[in-house]
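# Notes for the structure review
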Amino acid sequence: MSPTTTDLMLPESALEAFRCALGAAIAARYPQTVAAQIGFEAPRRPEFGDFATNAAFPLAKIARTAPNAVAEILVADVRATAPDVCAHFSSIEPVAGFINLRLTPAVWQTQLAQIVRDAETFGSAPSNGTRVSLEFGSANPTGPLVVVQGRTLSIGDTLAKAMRMRGYDVFTEWIVNDFGTQVDTLGRSLYARYLQRFDPAHPFPEDGYPGEYLLPIAADIAQRDAERWIGVPQGEWLPYFSRHGLETLLALQKETACRFGVHYDLWQSERALHESGRVREDIDHLRELGLTYESEGALFFRATDYGDDKDRVVLRSDGRPTYYGADVAYHYEKLKRADRVIDLLGPDHHGYIGRLKGLAAALGYPGRLDVMIAQQITLMRAGEQVSMSKRAGNIITLDDILDEVGVDAARFFFVMLATDSPLTFDLALAVEQTSDNPVYYVQYGHARIASVLRNADAADVAFARSGAHLDRLSHAAELTLARRLSELPGVVQGVVDHLAPHRLAKYARDVATDFHQFYTECKILVDDRELRVARLALALGAKSVLARVLDLVGVSAPETM
């Protein structure tokens with residue numbers, strides 16, 4: 001029995017129908033069991049089919065027989081009770097206890113028709129009403145953005161785009177740490193560079209920021225103000241140099257983020273939180289909730305009651321809020337206006353995970369805050385590690401990386417590995433125009449499809465968009481590519497569920513690989529018009545999916561290369 005054109009299913013519908021039929025078979029055969037949770041996964045080896053379920057394994061003990069014997073019984077039962085469901089599968093086989101499923105070509109053809117029809121909207125989900133606050137990239141405004149910020153910018157922006165695609169209302173934020181000792185240190189460092197314009201032997205502060213990025217800022221002040229600030233009291237020059245350095249460097253950080261294709265809904269000033277009174281108000285709120293105590297004149301938050309390794313000072317003995325005290329206010333504001341709060345922090349912030357989650361729980365929002373840590377980056381060039389140290393002054397800025405490899409390569413390379421995995425960035429590989437360079441490989445796939453479509457007859461391409469003659473697609477390479485394209489919604493949802501943007505980079509390479517294989521094994525512009533139109537439709541689907549994934553990662557989809 002084969003499905004007719006009126007009862008064709010999409011893959012997810014066919015799997016759901018099989019899930020129901022298998023669940024009914026289990027309930028009938030083993031009534032003493034609790035309703036089974038039946039899941040499907042793609043087998044590691046394609047010869048085992050499109051999907052597999054291990055539903056037979058938990059039943060083996062009850063049946064007192066091997067899992068594969070249970071699988072054989074269940075497959076026979078489903079074949080007998082739900083032949084209409086089985087008609088959507090070309091094979092349903094028990095193998096080593098698993099039930100392996102292979103969908104009919106007709107199901108993948110139906111899926112491809114939807115992909116071609118939906119084009120750039122395929123995989124998008126309607127609004128689910130969930131508000132998400134996503135903070136990422138935040139850096140002290142005491143220098144230019146460096147490599148690790150490049151990684152957090154790529155990961156955060158990709159995650160924001162993926163969440164929006166799947167129906168989340170995402171609000172992106174950057175906290176500007178413009179309050180505290182680092183601002184004074186910046187002012188003293190900039191003032192020393194200013195004085196060195198007139199006296200090169202003037203000493204530089206031991207704890208200062210020695211990077212050369214302060215030199216042009218100091219030169220600008222010297223040109224505008226001449227010797228105005230020489231010999232004046234610190235109380236006069238420090239606020240000026242701190243503010244001027246802060247404003248200049250923050251503007252440069254915003255410019256770099258924009259160049260990198262990242263735009264924020266809010267640049268939140270820490271100083272503004274203090275000046276508005278919200279920091280003290282929210283610390284007082286902790287006090288009112290009975291979550292603080294005093295010791296040696298300082299006010300402590302009972303963080304150990306919420307899983308932290310020690311209690312945290314929120315007010316110093318002199319009454320000044322700590323940095324953690326400011327975190328109280330900032331996160332309380334975010335928790336009040338969002339259903340979910342996500343912080344993406346740098347590699348030196350592991351200690352913040354417990355204390356921030358504990359803070360959310362204490363404020364009445366347990367489980368609502370997630371903390372991601374982007375691990376360290378090692379830069380390699382010509383087989384040698386590139387030394388980086390902001391304190392030593394030999395920094396590699398994000399702009400340096402963009403100048404060398406470009407935005408596309410940087411965005412793709414930064415997001416390729418799991419956030420919690422250290423990343424080695426091969427600068428030489430990033431500029432290679434070979435298949436060894438992953439971003440070039442993916443972009444070349446998109447450009448190759450564009451070339452095929454340019455060389456095709458325009459009427460054929462237009463006809464292909466209607467989804468006509470897709471029943472002609474039966475070659476293994478055709479069905480493999482159609483199956484891969486169908487994974488887009490699930491891949492993006494997996495990115496959202498697991499906070500794992502690197503899955504998009506891998507998926508982009510998988511789509512490109514499957515297209516290149518299809519291109520090699522199946523000539524697209526054949527004489528047979530029906531087959532030609534069907535293969536053009538598959539090419540159109542691959543092009544739209546690749547472009548969508550590249551856009552999510554922040555990489556361009558070139559028409560020519």
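Our subject is the structure listed above.
Residues numbered from 1 in each chain as written. Predicted model: local features only at pLDDT ≥ 70, side-chain atom pairs only at ≥ 80, totals over all residues. Heavy atoms only, no water.

### Brief notes about the overall build of the protein
Selection rule: Strands are runs of DSSP state E lasting at least 2 residues, helices are runs of H or I lasting at least 4, and numbering of each runs from the N terminus. Each residue gets one of three labels from its accessible area relative to the maximum for its type: buried under 20%, exposed over 50%, partly exposed in between, using a 1.4 Å probe on protein chains only. In this analysis, two residues are considered to be in contact whenever any of their non-hydrogen atoms come within 4.5 Å of each other. Accessibility throughout is a Shrake-Rupley quantity obtained with a 1.4 Å probe, and a residue counts as covered only by protein chains that appear here.
The secondary structure content of the protein amounts to 22 helices and 14 strands. Per-residue burial over the protein gives 53% buried out of 561 residues. If you take every contact in the protein between residues at least 6 apart in sequence, the share linking residues at least 24 apart comes to 72%. Element-wise, carbon and sulfur atoms account for 50% of the exposed surface of the protein, whose accessible area totals about 25000 Å².

### Description of the sheet that holds strand E12 (residues 377-381)
Our working definition: A pair of strands is considered paired only if DSSP assigns at least 2 bridges between the two.
Pairing is mixed across the open sheet formed by three strands, whose spatial order is E13-E12-E14. On the outer flanks of this sheet lie strand E13 (384-385) and strand E14 (423-426), each paired with one strand and no other. Note that E12 and E13 share two bridges and pair antiparallel. The residue of E13 that forms the bridge with Met 380 is Gln 385.

### Quick notes on the pattern of salt bridges
Where side chains of opposite charge bring their charged atoms close, a pairing between them can arise. Heads up, the rule is: Salt bridge criterion: a side-chain nitrogen from Lys or Arg within 4 Å of a carboxyl oxygen from Asp or Glu.
Using the criterion set out here, one finds 37 salt bridges in the structure. Notably, a salt bridge pairs Arg 278 with Glu 333, separated by 3.8 Å at the nearest N-O pair. Residue Arg 278 is located in helix H11 (residues 278-288), and its partner Glu 333 is located in helix H12 (residues 323-337); the two are separated by 55 residues in the primary sequence. Since its relative accessible area comes to 25%, Arg 278 is described here as partly exposed. When its relative accessible area of 18% is taken as the criterion, Glu 333 is described as buried. Arg 472 serves as the salt-bridge partner of Asp 528, at 2.8 Å between the closest nitrogen and oxygen. Residue Asp 528 is located in the loop between helix H21 (502-521) and helix H22 (529-553), and its partner Arg 472 is located in the loop between helix H18 (458-464) and helix H19 (476-486); the two are separated by 56 residues in the primary sequence. A residue is classified by how much of its surface remains accessible, and Asp 528, at 32% relative accessible area, is partly exposed. According to the relative accessible area criterion, Arg 472 is partly exposed, its value standing at 29%. Bridged by salt links that share partners, the residues Asp 50, Arg 483, Arg 484, Glu 487, Lys 506, Asp 510 and Asp 514 form one connected network.

### With respect to the layout of surface pockets
Heads up, the rule is: In this analysis a 1.4 Å probe is tested at points of a 1 Å grid over the protein atoms alone, and where it fits but cannot get out there is a cavity; an open set with protein on both sides within 12 Å along at least five of seven lines is a pocket; lining residues have an atom within 4 Å of a point. Grid points are joined across faces, edges and corners, and a volume is the space filled by probe spheres set on the points. Under the grouping applied here, Gly and all other residues not named as nonpolar or charged are polar, the nonpolar ones being Ala, Val, Leu, Ile, Met, Phe, Trp, Tyr, Cys and Pro and the charged ones Asp, Glu, Lys and Arg.
One number sums up the size of the largest pocket: a volume of about 1400 Å³. Surrounding the largest pocket, 46 residues form its lining, Ala 42, Phe 51, Arg 483, Ser 486 and Glu 487 being those nearest its centre. Looking at the lining of the largest pocket, the elements with two or more residues in it are helix H1 (11-29), strand E3 (98-103), helix H5 (105-118), H19, helix H20 (488-498) and H21. If one sorts the elements of the lining of the largest pocket by residue count, H19 sits on top with six residues. Taken together, the residues that form the lining of the largest pocket break down as 17 nonpolar, 12 polar and 17 charged. The calculated volume of the second largest pocket comes to roughly 990 Å³. Along the wall of the second largest pocket there are 35 residues; nearest its centre are Asn 140, Val 148, Gln 149, Asp 348 and His 349. For the lining of the second largest pocket, the elements supplying multiple residues, two or more each, are helix H6 (147-165), H12, strand E10 (340-345) and helix H13 (352-362). Here the residues of the lining of the second largest pocket sort into 17 nonpolar, 13 polar and five charged.

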